[in-house]
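Structural overview for review
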Amino acid sequence: SSTATTFPVAVKKNTADYPPVLTAAAILIATAMMYLRILLLAFLFNGALGRQLIVPFFLLAITSTGISSYFYYRHLHAGEKIAAPIPVATQNNPLEFRTALVFATLFVIFATLTHYVLTYYGNSGLNALSFIVGVTDIDPFLINLFQGKQVFAQTLVVTATIQATISNNFLKAVYGVSLGTPMLRKYLWMGFGAVILISFTVLFAVKWLLY
């Protein structure tokens, strides 16, 4: 989960092991993987939906990867060396097990909430929830949506999926800015600002093409 990655990585202090530019690069490459993971889930549950998402999500994955790579090579070209790895015997898991437990609990809660909202509130509930779920991992929302237990127009499912990723990226930026160092905030606003801007462009283009 890119959201569960953002929390523990953002709070690391600005040390040789966690320089802000590389921390931002790590968060953004996790975001790129989010798009590919969602695309895989779409194909597993609904091949037609996956085909409609493949161009938008590949574009967004490439955008996130490109920004992450830019930050990574900017760090290298600045003449700074990446710190040597901490010995395995002494290092802690940088993603932290406690954070994983919190997000596992939120996964279950949002899976239940999503099922309830999609069952009883229809299209309006779907649109509203697609923006709200960004506060945590969006997978439970999307898995429920992709399984098709509730009947929604395919176009609405496509746009709701993109909207959920926009919401999630905005919240990750907020988490990172709130928890990180001033330099990390700068890189995260730059990176997520570009991804969110392109995401809205993709969303409007998809709506124009599908509607």
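On a predicted model such as this, the values are computed, not experimentally measured, just so you know.

**So, the overall build of the protein chain**
Assigned secondary structure in the protein chain consists of seven helices and zero strands. From first element to last, N terminus to C terminus, the protein chain shows the α and β order α-α-α-α-α-α-α. Counting over 211 residues, the protein chain shows a buried share of 45%. For the protein chain, the accessible surface area stands at approximately 10,600 Å², while carbon and sulfur atoms represent 69% of it.

**Focus on helix H7 (residues 182–210)**
Counted at 1.5 Å a residue, the expected span for H7 with its 29 residues is 42 Å, and the 41 Å between its end C-alpha atoms agrees. Regarding H7, the residues found buried are Leu184, Tyr187, Leu188, Gly191, Phe192, Val195, Ile196, Ser199, Val202, Leu203 and Val206. In the core, the buried residues of H7 are packed alongside helix H1 (2–10), helix H2 (20–45), helix H3 (47–77) and helix H6 (154–179).

**Side note on the nonpolar core**
The biggest cluster of nonpolar side chains holds 50 residues, and the ones touching the most others in it are Leu145, Phe146 and Ile162. Elements represented by at least two residues in this core include exactly H1, H2, H3, helix H4 (97–132), helix H5 (139–147), H6 and H7. The element contributing the most residues to this core is H2, with twelve residues. Setting aside anything within four residues of it in sequence, one finds Ile162 in contact with Leu53, Pro56, Phe57, Ser199, Val202, Leu203 and Val206.

**Quick look at the packing of H3 against H7**
At a minimum axis distance of 10 Å, the contact between H3 and H7 shows a crossing angle of 165 degrees. With respect to H7, the element H3 is oriented roughly antiparallel. Where H3 crosses over H7, the handedness of that crossing is right-handed. Contacts from Gln52, Pro56, Leu59, Leu60, Thr63, Ser64, Ile67, Phe71 and Arg74 of H3 reach H7 at Lys186, Tyr187, Met190, Gly191, Ala194, Val195, Ile198, Ser199, Val202, Val206 and Leu210.

**Re H3**
For H3, spanning 31 residues, the distance from its first C-alpha to its last is 43 Å, which sits close to the expected 45 Å at 1.5 Å a residue. Most pronounced at Ile54, the bend in H3 amounts to some 45 degrees, and the proline Pro56 follows within four residues.

**Quick notes on the confidence of the model for the protein chain**
Per-residue confidence for the protein chain gives a mean pLDDT of 82, with 85% of residues at or over 70. Per-element mean pLDDT across the protein chain ranges from 76 in H4 up to 93 in H2. Counting contacts from residues 82–90, a segment whose pLDDT is below 50, to residues more than four positions away or on other chains yields nine contacts.

**Description of the packing of aromatic side chains**
Per the stated rule, a full pass over the model turns up five aromatic pairs. Seen from their ring centres, Tyr70 and Phe71 are 5.9 Å apart, and the 50 degrees between their planes marks the pair as tilted. Pairing Tyr72 with Tyr73 gives two aromatic rings, centres 5.2 Å apart and planes at 85 degrees, and the pair type is edge-to-face. A relative accessible area of 45% means that Tyr73 is categorised as partly exposed.

**Notes on the pattern of salt bridges**
Should the charged atoms of two oppositely charged side chains come close, the side chains can pair. What the rule picks out here adds up to one salt bridge. Arg37 is the partner of Asp139 in a salt bridge, and the nearest nitrogen-oxygen pair spans 3.0 Å. Linking Asp139 in helix H5 with Arg37 in helix H2, this pair joins segments that are 102 residues apart in sequence. Given the relative accessible area of 9%, Asp139 is considered buried. Relative accessible area serves as the criterion here: at 26%, Arg37 is assigned to the partly exposed category.

**Section: the packing of H1 against H6**
Two elements in contact, H1 and H6, have axes separated by 9 Å at closest approach and are oriented at 10 degrees. With respect to their mutual orientation, H1 and H6 come out roughly parallel. Residues Ser2, Thr3, Thr6, Phe7 and Ala10 of H1 lie in contact with H6, whose contacting residues are Asn168, Lys172, Tyr175, Gly176 and Leu179. Tallied by class, the residues present in the contact of H1 with H6 amount to four nonpolar, five polar and one charged.

Quick notes on the rules
- Residues numbered from 1 in each chain as written.
- Predicted model: local features only at pLDDT ≥ 70, side-chain atom pairs only at ≥ 80, totals over all residues.
- Heavy atoms only, no water.
- Helix = DSSP H or I, 4+ residues; strand = E, 2+ residues; numbered from the N terminus.
- Buried < 20%, exposed > 50% of the residue type's maximum accessible area, 1.4 Å probe, protein only.
- Areas by Shrake-Rupley, 256 points an atom, 1.4 Å probe, with all protein chains shown as cover.
- Expected span 1.5 Å × (residues − 1).
- Contact = heavy atoms within 4.5 Å.
- Core = buried A, V, L, I, M, F, W, Y, C linked by side-chain atoms within 4.5 Å.
- Axes fitted to C-alpha atoms, helices over the stretch in contact; angles between N-to-C directions.
- Parallel < 35°, antiparallel > 145°, perpendicular 65-115°, else oblique.
- Left-handed = near helix turned anticlockwise from the far one by under 90°.
- Bend = angle between axes of the 7 residues up to and from the residue.
- pLDDT = per-residue confidence, 0-100.
- Phe/Tyr/Trp six-rings, centres within 6.5 Å; stacked < 30°, edge-to-face > 60°.
- Salt bridge = Lys/Arg side-chain N within 4 Å of Asp/Glu carboxyl O.
- Nonpolar A, V, L, I, M, F, W, Y, C, P; charged D, E, K, R; others polar.

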